[in-house]
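Listed here are the chains, written in short residue letters.
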There are 4 protein chains.
Amino acid sequence: MMKKKISAGILGATGYAGAELVRILLRHPAVELAALGSVSFAGQTMGEVYPGFRGLCPIVCEDAGGVIAKSEVVFAALPHGLSQESAALCVEQGKKFIDIGADFRLEDPAEYERWYGCEARYPALHERAVYGLPELFRQQIAKTDIVGNPGCYPTSIALGLAPALMSGLVETAGIICDSKSGVSGAGRKPSQNTHFPDCNENFAAYKVAAHRHTPEIEQTLSGAAGSPVRITFVPHLMPVNRGILSTIYARLRPGVTQEQLRGVYAAQYQNERFIRLLPPGSEAAVRAVAGSNYCDIQLYTDQRTGTLIITSVIDNMIKGAAGQAVQNMNILFGLEESAGLDMIPMPF
Amino acid sequence: MMKKKISAGILGATGYAGAELVRILLRHPAVELAALGSVSFAGQTMGEVYPGFRGLCPIVCEDAGGVIAKSEVVFAALPHGLSQESAALCVEQGKKFIDIGADFRLEDPAEYERWYGCEARYPALHERAVYGLPELFRQQIAKTDIVGNPGCYPTSIALGLAPALMSGLVETAGIICDSKSGVSGAGRKPSQNTHFPDCNENFAAYKVAAHRHTPEIEQTLSGAAGSPVRITFVPHLMPVNRGILSTIYARLRPGVTQEQLRGVYAAQYQNERFIRLLPPGSEAAVRAVAGSNYCDIQLYTDQRTGTLIITSVIDNMIKGAAGQAVQNMNILFGLEESAGLDMIPMPF
Amino acid sequence: MMKKKISAGILGATGYAGAELVRILLRHPAVELAALGSVSFAGQTMGEVYPGFRGLCPIVCEDAGGVIAKSEVVFAALPHGLSQESAALCVEQGKKFIDIGADFRLEDPAEYERWYGCEARYPALHERAVYGLPELFRQQIAKTDIVGNPGCYPTSIALGLAPALMSGLVETAGIICDSKSGVSGAGRKPSQNTHFPDCNENFAAYKVAAHRHTPEIEQTLSGAAGSPVRITFVPHLMPVNRGILSTIYARLRPGVTQEQLRGVYAAQYQNERFIRLLPPGSEAAVRAVAGSNYCDIQLYTDQRTGTLIITSVIDNMIKGAAGQAVQNMNILFGLEESAGLDMIPMPF
Amino acid sequence: MMKKKISAGILGATGYAGAELVRILLRHPAVELAALGSVSFAGQTMGEVYPGFRGLCPIVCEDAGGVIAKSEVVFAALPHGLSQESAALCVEQGKKFIDIGADFRLEDPAEYERWYGCEARYPALHERAVYGLPELFRQQIAKTDIVGNPGCYPTSIALGLAPALMSGLVETAGIICDSKSGVSGAGRKPSQNTHFPDCNENFAAYKVAAHRHTPEIEQTLSGAAGSPVRITFVPHLMPVNRGILSTIYARLRPGVTQEQLRGVYAAQYQNERFIRLLPPGSEAAVRAVAGSNYCDIQLYTDQRTGTLIITSVIDNMIKGAAGQAVQNMNILFGLEESAGLDMIPMPF
């Protein structure tokens, strides 16, 4: 590849999403990893934080300013509220900014402030930011320089349910999203409920009908339906490292068949490299996507109750975070959308 | 204890439910474990099949006839279809029969034949059998000699939802039951999807809207509601050994508050030794009931969508099988209902 | 049971060993749990810290003074260094003291200070304390009022190797102890290496040839051999909640056969309620002892290299901590040694 | 890449090692996956056996003859005894053969027959086969056309111990190898001891001092030492999917220091792309190599007992099987030895 590589920087490189991003970008054919930012591990290399990186990445972590200066595109994997300054700095300097955090996902700054409890300090940037779900917003993403990379739960739910809502084959009321997430979704920082003996051999719901991803999910689904959609969203913590499975329930419009729905999904996703609509008889399983950028989707219709049941699985840290961020970067720079994302799920 | 102990026998003692039952009965103050039945392990002791039992149970497994002859009460933990002959034999000989399998759970023999694909050969026994969910059918159980011990999923769902339906505070239509089960529910026999490397770090739904527990669940819920109830039931396999968590969604009748519902549940379960209605702010977790006969229940109301959300957890092999069977035995023999069931959940 | 129950108190009740002890003592036929001590959770009940205890233990945690005042026997499950004051107070008040921590395990105060880096402030108490491994020191334990309850690794290794050393059938030089522990051994406090995503699907050695249990192990083995024994001890962290498996390697004296060794072990342990010498052909497995006070031991001889291989498994929190402490209490009070310890390992 | 790709075929493609090999070769820059062989799944694609492969590999499994006909290099991942015919056929047809199974690892056919209980039917092929451990036998591998790919345990032990033996800094007698393997090492076929509820939360040794990898390990170590070496080898099954950690114990020759040993290892492995000698203070962990072709090695000296302790970790299915096979293929065809093996371990 003769043409110059894109210099990329990562803020929050030592968190789980950041580390996964480092792992993907180190092998991206068109990218040169230029700088890594970390507050907690400034002065250290990835190998000192994650032994698996030993000998594979000599970059020493530095502060945000240094990272932005060295990069054409900056990824931010930071706690909410902390991306805004960097985003402003990047735009100012004509750089592209991809926020893996939550600061630029919600179109309505008021919603952001209500759910996240922090101020949306740059309304203009919010205006400008595009929600980075390529399968639905590819064109808009290609034109922006600030991407709000979707949350893990919203990615699994929006990809699973959008075609049904766009087609008008299901009711917009009474939608239930029952999601199960691997523990990596809780981040790298230890806590009591992620302490191995507490978390292992355990399973529970959390933030029932109160999770911050709710407005983000409803924003996307409302757009797909063309009218306001309210969902009941219940996340659960499952004792695996990676993966999200969302089981989605919607009421079928009278007379709608599974065949009609399969036709709609097949048409919507026929050219999508990372979405696999499963054949009848197989189940969407976390194992089949873990370690990859794929989203596997299965459809069922319960004619006894007139319910559409959708199962949608992703790797929460790849299609649900770092992988999708790279997919967005590929779009921003006019690269092959799957560049650097050819990971094959582990067979076991 | 002067008074003579009850002699108990177990058919299918070497399966998971059978083994759990042996473990409970060996320590039951009013029971003498008299005989164990096994086809695959006839001539062997439990310790040869499960090393943990080494030195703790000298009984040698024999055939069904021998077990019935030695026992006042016979527990059957057999694949469906295989309990009927033994039940008939027991009734004939004036013994009590508790079927942990599915042969005597459904009141309507036709439903049984439709869902299980085997013949209900003794309509009279079906007539006579009582569904063994003590918290709802204690009086009837006390009067019978054949108990159809509930399935694991139905136990978690019926206990979680019945009070809401009995009170009429929720709609009977549109109920969703999203259940997650530990792998012991699949039994002791190895299979590809329970092979450790396939099952570990994996999560998936199975038998979506087609699981055999569906009619059993609907039978109980319809009784509670006083009118036919149809549910959408989706079971999932989670990579833990024990436990079931059911997340149940029902539509609130207009104006119903969480306080009203809590009042109804508190009243319904105030004297129940094995049901713990959790205080607001805590989550029902598999860990908190694993190894015990408890069912923990939590209630949430999503006022944004008018939805009641119930989480109900049990140990699938104890309250969902062997423990509940012993609870039923205690009722049949007029013992303290919690006799032999004082297991405290492991803290970790 | 007419006779008055023994009032027992626990310092450090909310740690893992303390919680396991609460669980055992709540069901002990001759004990009344009188008081619980906790610094971090003073004013709270066990159920607020461990949901599994909800409704099962109304005792509110208080400070050490209050616990000691209410108890005839005090168990301490505290970080090293913190038991000494309470021990002194108990002895002064004529109460019995069982230290689950490390303060009273080493006979030589200098060794204690070298390995634990804290001062042995009460030499007289050290003198008086007995090492609480009942299978080897039952008589001495019966006569004392301060017990130093053995560590988890030392229990598995001493029980596995002592008979071979006592019999003189193996060399005292070149002994290797390769131990694997479940994560509960690291305690309840979260840390990076016990964070679920880091610990799960991982396995590593730690504190190689530098673990604090080394002098304790050598003290017991030297006593058994009648001459100083030095071992190489390497602990590993395995991704399970409970259990320790120690694989022990010793050089066979010339001409020694497996039969001779089996004879020695059988004789040594023939009357031991909690030790199971496995028959040839079976393997000592964590599963077979988890949740119980048993120690399973298997012997192998590698005639190609003249090596005795011993595998010894225990539940690190029961026979390795709380269960053994109760076994010691039973001895101190002249009760049946197995009182309250009739837990049967879970079959799965 | 203009030059023609190497056409590769896999016999036993649907087993775990075969599937991992498919996954690696599908992304190998110089290889075209030409054919897959499977007896159990003839007529099916990988995606039908492993859902993760859906849409990624259209090749339909066929019989051995077809695979060999289409390939320049044939990998065999078959049960022992079944590779010999295919190897003979390949050599006859001037193709290269890499046996991931055990048929060509032992130089002495008699040893092979003794430990594996099947006949070495082609002594000439045995003569010709080279043991495929590149770090020790690179030159010989480059010259052959039949490679006996090392077993998983032998790879971790030989790489960990060879330099110490070659340098003469340790005794050749009294070596102990205590290895722990992930469950994928047991293969894809379900069995009782790999059934999730039995295997999960369990840990045990197996085939103690009787595992078939013993002669293979001793063959390599004897070569390194220049004199016959006998070891005590005890494998254990740990409840993780991937990885082997071997803890190796050897007696230090008098006066040998850790610095000397580190110097020897650093010199031996300085140019090895896949071996990482860890700096003092860090631990070799399964997590840090899982999913990659790396072998991480750490050294400790226990001066109290004069013992060298080595921990060596690999991914049992990559450096221990499929990855090493590809490394050997790269050598056979004069490619960059790391071609197609640039996998970075997952950070979590």
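Above this text you will find the structure in question.
Along each chain, residue indices are assigned from 1 in the same order as the chain's sequence is written. Chains and ligands are labelled by the order in which they are written, letters from A for the one and numbers from 1 for the other. Since the coordinates come from a predicted model, pLDDT governs what is reported: local features require at least 70, and pairs of side-chain atoms require 80 or more to be given and counted, while whole-chain, interface and lining totals use all residues. No hydrogens and no water enter the side-chain calculation; it runs on all heavy atoms of the structure.

**Q** What is the right way to look at a negative patch on the surface in this model?
**A** All names here are of chain A. On the surface, E107, D108, E113 and E119 cluster together to form a negatively charged patch. Helix and strand labels come from DSSP, where a helix needs a run of H or I of at least four residues and a strand needs a run of E of at least two; each type is numbered from the N terminus. Mapped onto the elements, E107 comes out in the loop between β4 (96–99) and α5 (109–116). A relative accessible area of 61% places E107 in the exposed class. Patches in this entry comprise residues that are over 30% relatively accessible and not in a salt bridge; like charges within 9 Å are linked, as are nonpolar side chains (Val, Leu, Ile, Met, Phe, Trp, Tyr) within 5 Å. Per-residue and other accessible areas were derived by the Shrake-Rupley procedure at a 1.4 Å probe size, with only the shown protein chains allowed to occlude residues. A side-chain nitrogen of Lys or Arg and a carboxyl oxygen of Asp or Glu constitute a salt bridge if their distance falls within 4 Å. Think of it this way: Lys and Arg go in the positive column, Asp and Glu in the negative one, and His and the chain ends go nowhere. Every charge is mapped onto a representative atom, which is NZ of Lys, CZ of Arg, CG of Asp or CD of Glu. Residue burial is assigned from relative accessible area. The probe radius is 1.4 Å, only protein chains are included, and a residue is buried under 20% of its type maximum, exposed over 50%, and partly exposed in between.

**Q** Just checking my understanding: could you explain the relation of the copies chain B and chain A for this structure?
**A** In this structure, two copies of a chain are linked by a rotation about an axis accompanied by a shift along it. Fitting of the copies onto one another was done by least squares over C-alpha atoms, counting residues only where both copies have pLDDT of at least 70. Note on the identical chains: chain B maps onto chain A by a rotation of 180° and an axial translation of 0.0 Å, with an RMSD of 0.0 Å. Such a combination of turn and shift is consistent with a two-fold rotation axis. Mapped onto chain A, 100% of the interface residues of chain B again fall at the interface, so both copies present the same surface. What makes two residues a contact is simply this: any of their non-hydrogen atoms within 4.5 Å.

**Q** Any chance you could explain the sheet that holds strand β3 (residues 73–76) of chain D here in plain terms?
**A** Residues and elements named next belong to chain D. Strand pairing requires that DSSP identify at least two bridges connecting the strands. The strand order β2-β1-β3-β4-β6-β5 describes an open sheet built from 6 strands, whose pairing is parallel. Sheet topology places β2 (31–37) and β5 (130–131) at the edges, where each strand pairs with a single neighbour. One ladder, built from 4 bridges, connects β3 with strand β4 (residues 96–99); its direction is parallel. By the bridge assignment, V74 is partnered in β4 with F97. This element, helix α4 (residues 84–92), spans β1 (6–11), β3, β4 and β6 (146–148) of the sheet and lies at about 160° to β4. To get an axis, a line is fitted to the C-alpha atoms, and for a helix only the part in contact is used. The angle between two axes follows their N-to-C directions and goes from 0 to 180 degrees. Across the sheet, helix α12 (residues 318–332) lies against β2, β3, β4 and β6, angled at about 160° from β4, the strand it touches most.

**Q** Would you mind showing me how to read the packing of helix α8 (residues 152–167) of chain C against helix α11 (residues 258–269) of chain C here?
**A** Think of two packed helices as two axes; the pair is described by the angle between the axes and how far apart they sit. Residue and element names in this part refer to chain C. The N-to-C vectors of α8 and α11 enclose an angle of 115°; their axes lie 9 Å apart at closest approach. Considering their axes alone, α8 and α11 lie roughly perpendicular with respect to each other. Along this stretch, α8 crosses α11, giving a crossing that reads as right-handed. Of the residues in α11, those touching α8 at A158, L159, G160, L161, P163, A164, M166 and S167 are L261, V264, Y265, Q268 and Y269. Should an angle fall under 35 degrees it is taken as roughly parallel, and over 145 as roughly antiparallel, whereas 65 to 115 is taken as roughly perpendicular and any remaining angle as oblique. Crossing handedness is read from the near helix: turned anticlockwise from the far helix by less than a right angle, it gives a left-handed crossing, and turned clockwise, a right-handed one.

**Q** How should I be thinking about the sheet that holds strand β11 (residues 275–277) of chain C in this particular structure?
**A** Within a beta sheet, neighbouring strands are joined by backbone hydrogen bonds and run either parallel or antiparallel to one another. All names here are of chain C. An order of β8-β9-β7-β10-β13-β12-β11 is seen for the 7 strands of this open sheet, with the pairing classed as mixed. The open sheet terminates on both sides in strands that have one partner only, identified here as β8 (204–205) and β11. Bridge count for strand β7 (residues 175–181) against strand β9 (residues 231–237) is 7 bridges, and the pairing is parallel. Among the inter-strand pairings, K180 is bridged to a residue of β9, identified as H236. Contacting β7, β9, β10 (244–251), β11, β12 (295–302) and β13 (307–314), α8 runs over the sheet at an angle of about 35° to β10.

**Q** Where do I start with the interface of chain B and chain A in this structure?
**A** By a widespread convention, an interface's size corresponds to the accessible area lost as its parts come together. Taken together, the contact between chain B and chain A spans 45 residues of the former and 45 residues of the latter. Each partner contributes to the roughly 3,600 Å² buried at the junction of chain B and chain A, and carbon and sulfur atoms together form 57% of this total. Among the residues of chain B in contact with chain A, E201, F203 and R304 of chain B are the three that bury the most area, contributing 19% of the side total. Where chain B touches chain A, the interface holds 4 salt bridges. Between R304 of chain B and E218 of chain A there is a salt bridge, with the nearest N and O atoms lying 2.5 Å from each other. Throughout this entry, Asp, Glu, Lys and Arg are counted as charged residues, while Ala, Val, Leu, Ile, Met, Phe, Trp, Tyr, Cys and Pro are counted as nonpolar. The remaining residues, Gly among them, count as polar. The residue inventory of the side of chain B that touches chain A, partitioned by class, reads 22 nonpolar, 10 polar and 13 charged. Buried area is calculated as the accessible area (1.4 Å probe) missing from two parts once they are joined, with the contributions of both summed.

**Q** Sorry if this is basic, but what is going on with helix α4 (residues 84–92) of chain A here?
**A** Buried residues of α4 of chain A: Q84, S86, A87, A88, C90 and V91 of chain A, and no others. Backbone geometry just after α4 of chain A places G94 of chain A at a positive phi near 70°.

**Q** Can you help me understand the side chain of N241 of chain D in this one?
**A** For N241 of chain D, the position within the fold is in the loop between β9 (231–237) and β10 (244–251). For N241 of chain D, a relative accessible area of 3% corresponds to the buried category. At a separation of 3.0 Å, a polar atom in the side chain of N241 of chain D contacts the main-chain carbonyl oxygen of P197 of chain B. Apart from the residues lying within four places of it in its own chain, the contact partners of N241 of chain D are R287 and F348 of chain A, F196, P197 and N200 of chain B, E201 of chain C together with G182, V183, S184 and N316 of chain D. Identification of polar contacts relies on pairs of N or O atoms within 3.5 Å, with a donor-acceptor requirement for protein atoms, meaning one able to donate a hydrogen and the other able to accept it, and with residues adjacent in sequence counted only if both atoms are side-chain atoms.

**Q** How should I be thinking about unusual backbone geometry in this particular structure?
**A** Among all residues except glycine, the phi angle is most often negative; among peptide bonds, the trans geometry is most common. One non-glycine residue, A209 of chain B, adopts positive backbone phi at about 55°. Tracing the chain through its elements places A209 of chain B in the loop between β8 (204–205) and α10 (213–225). Despite not being glycine, E201 of chain D shows a phi value in the positive range, around 60°. Assignment of secondary structure puts E201 of chain D in the loop between α9 (196–199) and β8 (204–205). Judged by its relative accessible area of 14%, E201 of chain D is buried.

**Q** I'm lost on the nonpolar core in this one. Help?
**A** For soluble globular proteins, the rule of thumb is that nonpolar side chains tend to be buried together. We call a set of buried residues a nonpolar core when its members are Ala, Val, Leu, Ile, Met, Phe, Trp, Tyr or Cys and they connect through side-chain atoms within 4.5 Å of each other. Counting 112 residues, the largest nonpolar core has L36 and F75 of chain C together with L36 and F75 of chain D as the members making the most contacts within it. When neighbours within four sequence positions are excluded, L36 of chain D is seen to be in contact with I10, A13, V22, M46, C57, I59, V60, C61, E62 and V67 of chain D. Counting residues in each nonpolar core, the second largest holds 111 residues, with M317 and M329 of chain A together with I24 and L332 of chain B among its members.

**Q** Explanation requested: the pairing of strand β3 (residues 73–76) of chain C in the structure shown.
**A** The two faces of a sheet get side chains in turn, since along a regular strand they alternate between them. All names here are of chain C. What you see with β3 is no split at all: V73 and F75 on one side and V74 and A76 on the other are buried throughout. Relative to β3, strand β1 (residues 6–11) is paired through 4 bridges, and the arrangement is parallel. Residue pairing across strands places A8 opposite V73, the latter belonging to β3. Look down the strands so they point away from you; if the path from the first strand over the helix to the second goes clockwise, the crossover is right-handed. Handedness of the crossover is the feature at issue here: the chain leaves β3, passes through helix α4 (residues 84–92), returns alongside strand β4 (residues 96–99), and the resulting connection is right-handed.

**Q** It is not clear to me how the pairing of β4 of chain C should be interpreted in this structure. Could you clarify?
**A** One ladder, built from 3 bridges, connects β4 of chain C with strand β6 (residues 146–148) of chain C; its direction is parallel. Paired with D99 of chain C across the bridge in β6 of chain C is G148 of chain C.

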